[in-house]
Amino acid sequence: MTSEKSFFKLLMLNIRNRPSAVAISLIIQFFSFIVPAAFAATAPGSGGDWALTKYFFYLNPGVSFYLGFGAVVAAVTGFHFLHSRNKTDFYHSLPIKREKLFLVVYVSGALIVLIPYYLAATFALLIAVIKATSAEPATYFLMGISANTLGFLAVYSSCVLAAVLTGNAIISFIMCGVVNFMVPVAIAVFELIKIRFLSTYKGFYVLADANDTMPISIRLFSSFFGYLGLLAKIDIFGVVVALFQIVVFTALALFAYKKRKSENTGKAVVHERTKQPLKYVIVILSSLLGGLIFSGVGSVFWTLFGILSGAMVPACIIESIYHFDAKKMLENFKGDIICIVVAMLIFGGLAFDPLKVDEFVPPASMLKSARVDINSLYGIHTGRSRITLSGKALNAVTELAREGRDNTKKKYELFSVTRKNIVENSDGEYGDFLYLDIDFNYILPYSESREYSPLYTSQVEKGLKELFECEGVKEELFPLIKDDSYEDMVASVSQTFVNNTRSVDNVRITSEFLQAYKKDVENMTFEDLPRISKVDEVGEIHIDLSSIPNLRERSYNIANRFPIYSSFKNTREYLKRKTSLDFQPERPQAEETDKDNLLFKF
Amino acid sequence: MIEVKNAVKNFDDIVAVNDVSVDIREGSIFGLVGTNGAGKSTLLRMLCGILKADKGSISVDGEDVFENPSIKENIYYISDDQYYIKNYTPKDIMKYTASFYPNFDKERYNYLINTFGLPYIRKINNFSKGMKKQLSVILGVCANTKYILCDETFDGLDPVMRQAVKSLFANDMQKRGLVPVIASHNLRELEDICDRVGLLYKGGILFARDLDDMKLNMHKVQCVLPEGFDLAKLRELLDVVTLETRGKLITFTARGSREETEQKIASFEPVFYELIPLTLEEIFISETGVRGYDIGKIIL
């Protein structure tokens, strides 16, 4: 008979039981979505701007916040009956399988948030379509609906798991944070300790490219960060991660619900077996964080103090919460001691680096590609010193890394926070220091970032030269030579002077200019590269891409500033003819650099 | 029939139900009595499938009740602190309950709501405690389940309503074989309505017997025995449960049939003796007293 009970009917009844949630959801949607969309659409001059449409369907932070917050509230309020004995008794005495009850509450909670969102989005779409001149609104509508639905469901599923694991509403809110932020915090703590104590190590990325904004491990184990990642970039990877989280968190929540004993209602954590492991993980992480913070004072004593206090304070709080009795804060003291010992071992293992992680330079055969950020090669003011290399250039990259490693001075003593970026030489002046950052993208789905600094150019001369002479490097450094899409553009040309003043003129970029520039780059040798010195040695062409239709997105990725070095004779000749600027061919004399006069760059 | 076999339920370190075995037969009203914390509510929650026994088994009509919706459709549980969904009216709760209990009698529900004088479209949360209790009984009766489990349901009902509820149960027992299981402290109430009683004490069941048998097998005797009579002899010959002396007057309760008890007292050649019928409350106090729950230590 029970199987004949309509799921849909029970679903409708459950939604009906939560009228205040439905009302709040509708009101928030109205003000965070429909009202701004209507304002934007009716504002003067906004009719053709479909970036605005994109904003409302996809990147609207109000909507994302509403969905994220709604996920937490819908999950905790939906399963709130598990936090009260008489409610639990009522629902569990009904002739319905727990799986079915779970699914009814789960789906109704999701619909309470999603249906108002869909309604609001559809209404906003109508506003957009009325003003539309193309099909773009529909595309962004579908993208926004898909991304936000997946992201919402992932966060919602994790919060349902949190609600089912706990027997108290307030604790379930805390548990939502634990479920969503445990892994990111763990990764951050581990990374921060390594970055503090290791000279070259800057971070790692699992399964993802170092260019991504966050490691996939964080996105994978935190539905909150997974949602953020999906909003930043809708791709198949983000979709797969969201689907994975929805399935895994929902399955775990259902399993936890089935295993949940009704009599444990009211307890902080209802599954006895999860209590201590959960506490241990939190205590160990907190202990490591305490050690990290107090190691900043600069002594072993304070670091140990940080580890101990970082462990004991949360351990006591958690035990007090578990028992709802502060007198039982030391109930599991042996476990606390074990946590402290484990935290010390982990901390020591990361800080003293017994595995020599700090000195590791991968052989080229292990790498798929590498990204090099090196100010000497290109000049810090161009904003484009990061180049991606593969193939034979990888040998040169690893050679460069080895030279960098061998010459990097270990400035950062253990338990010391005297680390600072050295941007001055011993005389307090800018010198030809290098900040050599390399991202190693391994053949395995893993990448890591290394930093070798401070270095003198002479210390990595061999590697730099080898790298510069590799095929394809010049194209990476000077993208203008492989792209002719800027022909017949008006560009600004500037000269930079020693006192940071600039002289600017406009020039029309033609094929003649591009030919001259390309020739100069091809003829250029490693020795022609300028070294960073007190006087900038480069001129630059600045091309404003913002006026190019449909290139707004590309403008974030394509360099729009191109250097002109002193060896670029053909380019300089062309500019002399076409502009009012009088580019001097020669490098200024040393004594002139000390004067506060206007100095040409060549 | 509800069969409980060696059921054990622990709440952390507390043994709430300890090796309880009891049969609840059809055609009777089963009363569950016990001291505070004896495990009455826990046993009821186990009987309706809210809690799962740690050990032992609980079966209803031959099937395990836990996570068994087809069996639970035959059981309606009325909690001592019944939950009503926020903003629900009696009309709403009827629809909700009817969606789970396929034999729910809506016409009878409407009739009873009117008869009991309950407002049909007022929010239940604004009802008094007694009105909520009445509503829960009406829901339970109209759900048309075979078993109705009531936890302290009569508390909060006025005498008239108590009588009305009793007659409702009696009517349904007669018409459709309803089996009410009632847990209560109010032994006088149970005495009036129950045919069979289970006495729980510290999680374990002391006995489960027909009320009539129980009354016939335990007697309270007031007597004056001859000068110098040795009370040890009394204890030796009779199964004395409690004994109290006030001057020459001896009051005791003893197990055994009326004839047997009278015969043995007569053999003591008493100056005077009288058999007084025991109330359920006195049986309860006597039995629990034997197990160390001495009411005299509590009532000072």
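Here, the structure is the one placed above.
Residues numbered from 1 in each chain as written. Chains lettered and ligands numbered in written order. Predicted model: local features only at pLDDT ≥ 70, side-chain atom pairs only at ≥ 80, totals over all residues. Heavy atoms only, no water.

## Remarks on the nonpolar core
- In this structure, Phe79 of chain A together with Tyr109, Leu135 and Phe169 of chain B are the most contacted members of the largest nonpolar core, which totals 142 residues.
- Examining the composition of this core, we find that 16 residues originate from one element, helix H7 (residues 136–165) of chain A, more than from any other.
- Leave out the neighbours within four places in its chain, and Phe169 of chain B touches Val137, Val141, Ile148, Cys150, Phe154, Leu178, Pro180, Ile182 and Ile193 of chain B.
- In terms of nonpolar packing, the next biggest core, distinct from the first, is built from 47 residues, Ala370, Val397, Leu529 and Tyr565 of chain A among them. (Core = buried A, V, L, I, M, F, W, Y, C linked by side-chain atoms within 4.5 Å. Buried < 20%, exposed > 50% of the residue type's maximum accessible area, 1.4 Å probe, protein only. Helix = DSSP H or I, 4+ residues; strand = E, 2+ residues; numbered from the N terminus. Contact = heavy atoms within 4.5 Å.)

## Things to note about the pairing of strand E4 (residues 55–60) of chain B
All names here are of chain B.
- In this sheet, E4 lies alongside strand E1 (residues 2–11) in antiparallel orientation, the contact comprising 5 bridges. Note that in E4 the partner of Ile2 across the bridge is Val60.
- As defined by bridge partners, E4 adjoins strand E5 (residues 63–64) across 2 bridges and the pair is classed as antiparallel. When the sheet's bridge partners are listed, Ser59 is paired in E5 with Asp64.
- Remark: 2 residues form the turn of the hairpin made by E4 and E5, two consecutive strands paired antiparallel; Asp61 in that turn has positive phi of roughly 50°. (Pairing = 2+ DSSP bridges.)

## Here's the deal with helix H17 (residues 461–468) of chain A
- Every buried residue belonging to H17 of chain A is among Gly463, Leu464, Leu467 and Phe468 of chain A, and all of these are buried. One side of H17 of chain A carries all its buried residues, which in axial view fall inside an arc of 130°. (Arc of directions from axis to C-beta.)

## Side note on the interface of chain B and chain A
- With 30 residues of chain B at the interface, the matching set in chain A holds 29 residues.
- The junction of chain B with chain A conceals about 2,800 Å² of combined surface from both sides, 56% of it contributed by carbon and sulfur atoms.
- Its largest share of buried area at the contact with chain A, chain B owes to Glu67, Tyr83 and Phe100 of chain B, together 24% of the area lost on that side.
- Linking chain B with chain A are 4 salt bridges, by the criterion used here.
- With a closest N to O distance of 2.7 Å, Glu263 of chain A and Lys9 of chain B form a salt bridge.
- Only E1, helix H1 (40–47), helix H2 (69–72) and helix H3 (90–98) of chain B provide two or more residues apiece to the side of chain B that touches chain A. (Buried area = accessible area lost by both parts, 1.4 Å probe. Salt bridge = Lys/Arg side-chain N within 4 Å of Asp/Glu carboxyl O.)

## Some remarks on the sheet that holds E5 of chain B
- Spatially, E2-E1-E4-E5 (chain B) is the arrangement adopted by the 4 strands of the open sheet, whose pairing is antiparallel. Two strands close off the open sheet at either side, each with one partner strand: strand E2 (14–24) and E5 of chain B.

## Observations concerning unusual backbone geometry
Residues and elements named next belong to chain B.
- Positioned with a positive phi, Asp61 is a non-glycine residue whose angle comes to about 50°.
- Here Asp61 is to be found in the loop between E4 and E5.
- Among the residues examined, Asp61 registers a relative accessible area of 33% and is labelled partly exposed.
- Even without being glycine, Glu152 reaches a positive phi, approximately 55°.
- Mapped onto the secondary structure, Glu152 falls in the loop between strand E7 (147–151) and helix H6 (159–176).
- Take Glu152: its relative accessible area is 8%, and that puts it in the buried class.

## Quick word on the environment of Ser136 of chain B
- Note that Ser136 of chain B resides in helix H5 (residues 129–142).
- Excluding residues within four positions of it along the chain, Ser136 of chain B makes contact with Tyr76, Ile78, Gln82 and Tyr84 of chain B.

## Topic: the packing of aromatic side chains
Residue and element names in this part refer to chain A.
- For the structure shown, the criterion picks out 33 aromatic pairs over all chains.
- Sitting above the plane of the Tyr257 ring, Arg98 keeps its charged end 5.6 Å from the centroid.
- The lysine or arginine in question, Lys275, covers the ring of Tyr322, its NZ or CZ lying 5.4 Å from the ring centre. (Phe/Tyr/Trp six-rings, centres within 6.5 Å; stacked < 30°, edge-to-face > 60°. Lys NZ or Arg CZ within 6 Å of the ring centre and 35° of its normal.)

## Describing the sheet that holds strand E12 (residues 239–246) of chain B
Residue and element names in this part refer to chain B.
- Read across the open sheet, the 4 strands follow the order E12-E13-E11-E14; overall the sheet is antiparallel. Here the strands that pair on one side only, and so sit at the sheet edges, are E12 and strand E14 (272–276). Each neighbouring strand pair of the sheet contributes to a mean axis angle of 20°, computed without reference to strand direction.
- Across 5 bridges, strand E11 (residues 218–224) lies against E14 in antiparallel orientation. Bridging from a neighbouring strand, Val221 pairs with Leu275 of E14.
- Contacting E11, strand E13 (249–255) and E14, helix H10 (residues 258–267) crosses the sheet at an angle of about 165° to E14. (Axes fitted to C-alpha atoms, helices over the stretch in contact; angles between N-to-C directions.)

## Some remarks on the pattern of salt bridges
- In the structure shown here, the tally under the stated rule is 28 salt bridges over all chains.
- The partner of Asp54 of chain B in a salt bridge is Lys9 of chain B, and the shortest N-O contact between them spans 3.3 Å. With Asp54 of chain B in the loop between H1 and E4 and Lys9 of chain B in strand E1, this residue pair connects regions lying 45 residues apart in the sequence.
- The class for Asp54 of chain B is partly exposed, based on a relative accessible area of 34%.
- Each of Lys267, Glu272 and Lys275 of chain A together with Asp12 of chain B takes part in one network of salt bridges that share partners.

## Overview of the side chain of Arg18 of chain A
- Relative to the assigned elements, Arg18 of chain A resides in the loop between helix H1 (7–16) and helix H2 (19–42).
- Buried charged residue Arg18 of chain A carries no salt bridge. Nearest counter-charge: Asp92 of chain B, at 15 Å.
- Within the local environment of Arg18 of chain A, its side chain forms a polar contact with the side chain of Thr77 of chain A, the two groups lying 3.1 Å apart.
- In contact with Arg18 of chain A, other than residues within four places in its own chain, are Ala74, Thr77, Gly78, Val105, Ser108, Gly109 and Ile112 of chain A. (Lys, Arg positive; Asp, Glu negative; His and termini not counted. Polar contact = N/O pair within 3.5 Å; in protein donor to acceptor, adjacent residues only side chain to side chain.)

## Re a positive patch on the surface
- Residues Lys9 of chain A together with Lys91, Lys95 and Lys106 of chain B make up a contiguous surface patch of positive charge.
- One can find Lys9 of chain A in helix H1.
- For Lys9 of chain A, a relative accessible area of 47% puts it in the partly exposed group. (Patch = residues over 30% accessible without salt bridge, like charges linked within 9 Å, V, L, I, M, F, W, Y side chains within 5 Å. Areas by Shrake-Rupley, 256 points an atom, 1.4 Å probe, with all protein chains shown as cover. Charge placed at Lys NZ, Arg CZ, Asp CG, Glu CD.)

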